[in-house]
Amino acid sequence: MEFIQPRTWAEALAIQADMPAAVPLAGGTDLMVELNFAARRPPALLDLTRISELRQWNIEGNEVRLGAGVTYSQVLTGLGDTLPGLALAARTVGSPQIRNRGTVGGNLGTASPAGDAHPPLLAAGAQVEIASIRGTRSVPVDQFFVGAKRNVLEPGELIAAVRIPLPSGPEQFSKIGTRNAMVIAVAAFSLALHPDRQEVGTGIGSAGPTPRRARKAEKFLAAALAEAGLWESRGRLPETVTAEFGNLVAVAADPIDDVRGTAAYRLHSLSVMARRTLAWAWRDYQTAEPMNRGGD
Ligand SMILES: Cc1cc2nc3c(=O)[nH]c(=O)nc-3n(C[C@H](O)[C@H](O)[C@H](O)COP(=O)(O)OP(=O)(O)OC[C@H]3O[C@@H](n4cnc5c(N)ncnc54)[C@H](O)[C@@H]3O)c2cc1C
C-alpha cells in the first residue's frame, strides 16, 4: 500500500484527482480500525496531517470556518464558548487520545449515523465545503449524508472545511450510551435556538440510516414560541409545548434494533432528550444576555 504525504492542499487535491482510489487519512481513528480489521485494502493512503491549514479554524463574518483536520480537542480548547453545541458533543467523543487525533472532517468522511459531530452541525445549519481540482462546492450538512456511512463526496473530492453559523442563541447536546465514556451513541440529539431569525435547529443521531433533522418539530417549536410571544418575553415554556416537541422529534426518527439498543428505546430516549435539551436551552435563553454574533 502506497503512503503519500502531501505538504500542501493543492498537492493533495492534485494527487486525489490523479488517484481517486487513494483514501484520505486524517486522525486515523476510524480508518486505521478498518485497515487493521482488513475491512478495506486501498491501493494508497493520502495522509492529510501535514497540511497545516486543515488544522486551522477562523471566524469569517457570521460563521466559523473549521478546517477539516480540526480535532475534537481543538474544538474543546478553542471553541467551547463560540460553538457550544459542537463542543458539548466533542466532549463525549471517545477518550482524550481519540479526541486528540479524531477530527470533525473525519467524522463527516465516515458519515456514520452515530457520528457525534453530526447532530450539532445539523442543528446549527452548517455547510460542508468540498474541494477538488475543479473547484469548491458547498453542501448543507443535511444534504451531505446519503445513506448509512455514505456521503455526497465524488471521486477526486476532499472535505476542506465546515462552515458553521455563529449561534445567536443557546445550543444543547445530549447523548445516550451504554456507559459514560468511550461509547458509541445509542441515540443522540442536538438543539439550537436561533432567536435572530426566530427559528429552531435540530439534529438526531444514531436513530436512522443517516443523521437527520426533525423538521416538523423545528417548525412546531418556532411557531409555538412566536405565537405566545416567547421569543421576546423569554417567559415560561408551556409543558404542552415541550411534550409535543419531544413527540415530534421521536416521530422524525427511523431507528432499528441492534446490539446497542432497540428501536423502541431509541424513540423513547429521543423524546426524553428533546424535552430535556429544550428545558436546558430555554433556561439558558431566559438567563443569558442577548448574544453578539461576530461580524455584526
Ligand atoms: C476507541 C474509539 C472511540 C470512538 N468514539 C467515538 C465517539 O464517541 N463518537 C464518534 O462520533 N466517533 C467515535 N469514534 C470514531 C472516530 O474517532 C470519529 O469518527 C472521528 O471523527 C474520525 O476522525 P479521524 O480524523 O480519525 O478520521 P479518519 O479515520 O482519518 O478518517 C475517517 C474517514 O474520513 C475520511 N476522511 C478523513 N478526512 C477527510 C477529508 N478531509 N476529506 C475526505 N474524506 C476524509 C477517511 O478517508 C475515512 O474514510 C471512535 C473511534 C475509536 C477508535
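Here the structure is a predicted model, which is why all the values come from computation and not from measurement. (Residues numbered from 1 in each chain as written. Predicted model: local features only at pLDDT ≥ 70, side-chain atom pairs only at ≥ 80, totals over all residues. Heavy atoms only, no water.)

Caption draft 1: Examining the pairing of strand β12 (residues 187–194) more closely. A large share of β12 lies buried, amounting to eight of its eight residues. Neither face of β12 is exposed, since A187, F189, L191 and L193 on one face and A188, S190, A192 and H194 on the opposite face are all buried. Pairing of strand β11 (residues 171–176) with β12, which is carried by six bridges, proceeds in the antiparallel orientation. Bridge pairing in β12 links S174 to F189. When β12 meets strand β13 (residues 199–205), the two strands line up antiparallel, connected through seven bridges. Across the sheet, the residue bridging to A188 is G205, located in β13. Counted between consecutive antiparallel strands, the loop separating β12 from β13 contains four residues, among which Q198 sits at a positive phi close to 50°. (Buried < 20%, exposed > 50% of the residue type's maximum accessible area, 1.4 Å probe, protein only. Helix = DSSP H or I, 4+ residues; strand = E, 2+ residues; numbered from the N terminus. Pairing = 2+ DSSP bridges.)

Caption draft 2: Quick look at unusual backbone geometry. A positive phi is found at Q198, a non-glycine position, where the angle reads about 50°. Looking at where Q198 falls in the secondary structure, it is placed in the loop between β12 and β13. Assessed through its relative accessible area of 31%, Q198 is described here as partly exposed.

Caption draft 3: Just the site of the ligand, in detail. Neighbouring the ligand are 34 residues, the closest being P24, T29, D30, Y72 and T103. Taking G27, its main chain carries an N or O atom lying 2.7 Å from an oxygen atom of the ligand. Computed on the free molecule, the ligand has an accessible area of 980 Å², of which 89% lies beneath the protein chains in the complex. The element contributing the most residues to the shell around the ligand is helix α6 (residues 104–110), with four residues. (Near = heavy atom within 4 Å. Polar contact = N/O pair within 3.5 Å; in protein donor to acceptor, adjacent residues only side chain to side chain. Areas by Shrake-Rupley, 256 points an atom, 1.4 Å probe, with all protein chains shown as cover.)

Caption draft 4: Quick peek at the sheet that holds strand β3 (residues 44–47). Strand order in the open sheet formed by three strands is β1-β3-β2, and the pairing between neighbours is parallel. Looking at strand neighbours, the two that pair on one side only are β1 (2–4) and β2 (23–25), the edges of this open sheet. Within the sheet, the average angular offset between the axes of one strand and its neighbour, ignoring direction, is 25°. Where β2 lies against β3, three bridges are found, and the strand directions are parallel. The partner of V23 across the bridge, within β3, is L45. (Axes fitted to C-alpha atoms, helices over the stretch in contact; angles between N-to-C directions.)

Caption draft 5: Local environment of the side chain of S112. Following the sequence through the fold, S112 ends up in the loop between α6 and α7 (118–124). Beyond its immediate chain neighbours, meaning those up to four positions away, S112 contacts N107, H118, K149 and P211. (Contact = heavy atoms within 4.5 Å.)

These values are about where atoms sit, not about what they do.
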